[in-house]
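Report on the structure
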Amino acid sequence: MSAPDTLAQPPERQPAWFLALFALAAAGGAVAYVPLLTVLLPQRIAELQGGEDVAALAQVTFLGAGAASLANIAIGFLSDRSRTRRPWILAGLAASGALLVAVGEARSVRELIVLVMVWQVALNLMLAPLMAWAGDCFPDEQKGELGGALALAPALGALAGSLVTHVGLVEPGARLVLVAGLVSALVLPAVLLGRGRVRPALVAPAPAPAPLPPRERVVVRMWTARLLVQVAEGGMFAFLLYWLRSLSPGYPENGAANIFSAVLVSAVPLSLLAGRWSDRHGRPVLPLVAAALACAAGMLVMALAQSLAFAITGYVLFGLAAAIFLSLHSGQTLRVLPRPQHRGRDLGIFNLTNTVPGMVMPWLTVLLVPQFGYGALFVLFAALSLGSAALLAGTMRR
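Cut-off values and rules
Residues numbered from 1 in each chain as written. Predicted model: local features only at pLDDT ≥ 70, side-chain atom pairs only at ≥ 80, totals over all residues. Heavy atoms only, no water. Core = buried A, V, L, I, M, F, W, Y, C linked by side-chain atoms within 4.5 Å. Buried < 20%, exposed > 50% of the residue type's maximum accessible area, 1.4 Å probe, protein only. Contact = heavy atoms within 4.5 Å. Axes fitted to C-alpha atoms, helices over the stretch in contact; angles between N-to-C directions. Helix = DSSP H or I, 4+ residues; strand = E, 2+ residues; numbered from the N terminus. Parallel < 35°, antiparallel > 145°, perpendicular 65-115°, else oblique. Nonpolar A, V, L, I, M, F, W, Y, C, P; charged D, E, K, R; others polar. Expected span 1.5 Å × (residues − 1). Phe/Tyr/Trp six-rings, centres within 6.5 Å; stacked < 30°, edge-to-face > 60°. Salt bridge = Lys/Arg side-chain N within 4 Å of Asp/Glu carboxyl O. Bend = angle between axes of the 7 residues up to and from the residue. pLDDT = per-residue confidence, 0-100. Left-handed = near helix turned anticlockwise from the far one by under 90°.

Phe22, Met236, Trp243, Met299, Tyr315, Phe318 and Phe381 are the most contacted members of the largest nonpolar core, which has 115 residues in total. Non-local contacts of Phe22, meaning those with residues more than four positions away in its chain, are made with Leu130, Met131, Trp133, Ala134, Phe138, Leu146, Leu150 and Ala190.

Here is the structure:
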């Protein structure tokens, strides 16, 4: 069979074992950063400063996010140019693991900032080509199922945070070593056993289109829709405990953490079901619209909540919908990107939707909460989610 005939054939679906291994590899990325950024990094700063230092944590987080954003785009571009992904993933895995351990050995906040920034670059040396590799391997008819499987990543990230900080399970000095080991165990099987999984039709270069043709406009809508939901999701991630304590003073920290973890774990089977439904019925965008509408509904329930039970009900609805939306959106993003030869770079631009909200959220909170309360913030988040649903509904008519 000639090369043109090969490319004309519909790309073959990936087997279930590779889908499972890839989902675990993607989860390895979340395990790499969730425990560090949510628990272990604040603890390390407190050890170095002799107490909590919000300014130092904000500086580390902001500069690290900036380094991650630039690195993801640059490394995605380089992996496009090299026309290979697996060597980049392995190099990033080794470098990020070594730097993660080094973070625990930092002797000053300045040194910690530098190490976290370099670690973010190394982590994206693994993550950027990993997600682009998914686009090289999984056909459009499997993108919904792929997106559903990616819901495993935040769930395992949250569980890893609970595992490594469990009292008496592991010595504090060995926690980052354990995290690095978990990441390697999750990522290596897919990379080592995934040789030959790339589908030629999915990596064949596409011609450069005219300025903003219909497919390009769909990409812009997808990017903006994800950003709007990410702002809402990031805000709840940061302020969930504070909000619950505004309704019930003394609400325990582990209570908020348990709710957050339970929501993420519960979202995994629901995301898989929604993704498989979208593949089977050829409706890739409809579950995204439904999830965005559910996000808005959950936020409105939270805005009206006067009791803890009512508040938690609203958050569970929002949290499940947001987790489903973000995982399915990741799969469908790979479907709409117009040029396979620039897939890594373009995914890096989409990755900005994960980092920009961290820069926006503090300002929104400072402007709204002191004067209008959390209810106003949640109404704004609901409006953003409705905007996301409207943008995506527009793509269904194209």
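Having put the structure on the table, let's press on.
Let us now look at the packing of helix 2 (residues 16-49) against helix 5 (residues 109-137). Following both chains from N to C, one finds helix 2 and helix 5 inclined at 170 degrees, their axes separated by 11 Å at the closest point. Comparing their axes, helix 5 and helix 2 come out roughly antiparallel. For the contact of helix 2 with helix 5, the class distribution of residues is 23 nonpolar, three polar and one charged.

Looking now at helix 4 (residues 86-103). The end-to-end C-alpha distance of helix 4 is 26 Å, a good match for the 26 Å that 18 residues give at a rise of 1.5 Å each. Considering only its buried residues, helix 4 is in contact with helix 2, helix 5 and helix 8 (175-193).

Our focus in this paragraph is the packing of aromatic side chains. Tallying each qualifying case throughout the model produces seven aromatic pairs. A centroid spacing of 5.5 Å and a plane angle of 80 degrees characterise the contact between Phe18 and Trp133, whose relative ring orientation is edge-to-face. Taken as a pair, Phe18 in helix 2 and Trp133 in helix 5 lie far apart in primary sequence, 115 residues in all. Consider the rings of Tyr374 and Phe378, whose centres lie 6.1 Å apart with planes at 25 degrees: the pair is stacked. Of the two residues, Tyr374 and Phe378 are both situated in helix 15 (residues 374-396); the distance of four residues between them amounts to about one turn of the helix. Here Tyr374 falls in the buried class, since its relative accessible area comes to 16%. The exposure class assigned to Phe378 is buried, which follows from its relative accessible area of 2%. These aromatic residues form a ring-pair network of at least three members: Trp17, Phe18, Phe22, Trp133 and Phe138.

Right, let's get into the side chain of Asp80. Tracing the backbone through its elements, the reader meets Asp80 in helix 3 (residues 54-82). Among residues more than four places away in sequence, those in contact with Asp80 are Arg85, Gln341, His342, Arg343, Gly344 and Arg345.

Counted by the stated rule, this structure contains nine salt bridges. Notably, a salt bridge pairs Glu105 with Arg107, separated by 3.5 Å at the nearest N-O pair. The exposure class of Arg107 is exposed, given its relative accessible area of 57%. Counted as one network, the salt bridges with shared partners bring together Asp80, Arg85, Asp136 and Arg343.

With that out of the way, let us pick up unusual backbone geometry. Residue Arg83 is not a glycine yet carries a positive backbone phi of 60 degrees. Examined against the element boundaries, Arg83 turns out to sit in the loop between helix 3 and helix 4.

Time to look at helix 5. Taking 1.5 Å per residue as the helical rise, helix 5 with its 29 residues ought to reach 42 Å, and the 41 Å between its terminal C-alpha atoms agrees with that figure. Along its length, helix 5 reaches its greatest deviation from straightness, about 30 degrees, at Asn124. With respect to burial, helix 5 is a largely interior element, 22 of its 29 residues being buried.

We now examine the confidence of the model for the protein. The predicted model of the protein averages 87 in pLDDT, with 91% of residues at 70 or higher. Confidence scores differ between elements of the protein, with helix 1 (residues 3-8) showing the lowest mean pLDDT of 47 and helix 12 (residues 286-304) the highest of 96. The model gives residues 1-7 a pLDDT under 50, and that stretch makes five contacts with residues more than four places away or in other chains.

Our next topic: the packing of helix 12 against helix 13 (residues 308-336). At their nearest, the axes of helix 12 and helix 13 sit 8 Å apart, and the two run at 155 degrees to each other. The angle between the axes of helix 12 and helix 13 places the two elements in the roughly antiparallel class. Here helix 12 and helix 13 pass one another in a crossing that is left-handed. Residues Pro287, Leu288, Ala291, Ala292, Ala294, Cys295, Ala297, Gly298, Met299, Val301, Met302 and Leu304 of helix 12 touch helix 13, and the partners they reach there are Phe310, Ala311, Gly314, Tyr315, Leu317, Phe318, Ala321, Ala322, Phe325, Leu328, His329 and Gln332. Classifying every residue of the contact of helix 12 with helix 13 by side-chain character gives 20 nonpolar, four polar and no charged.

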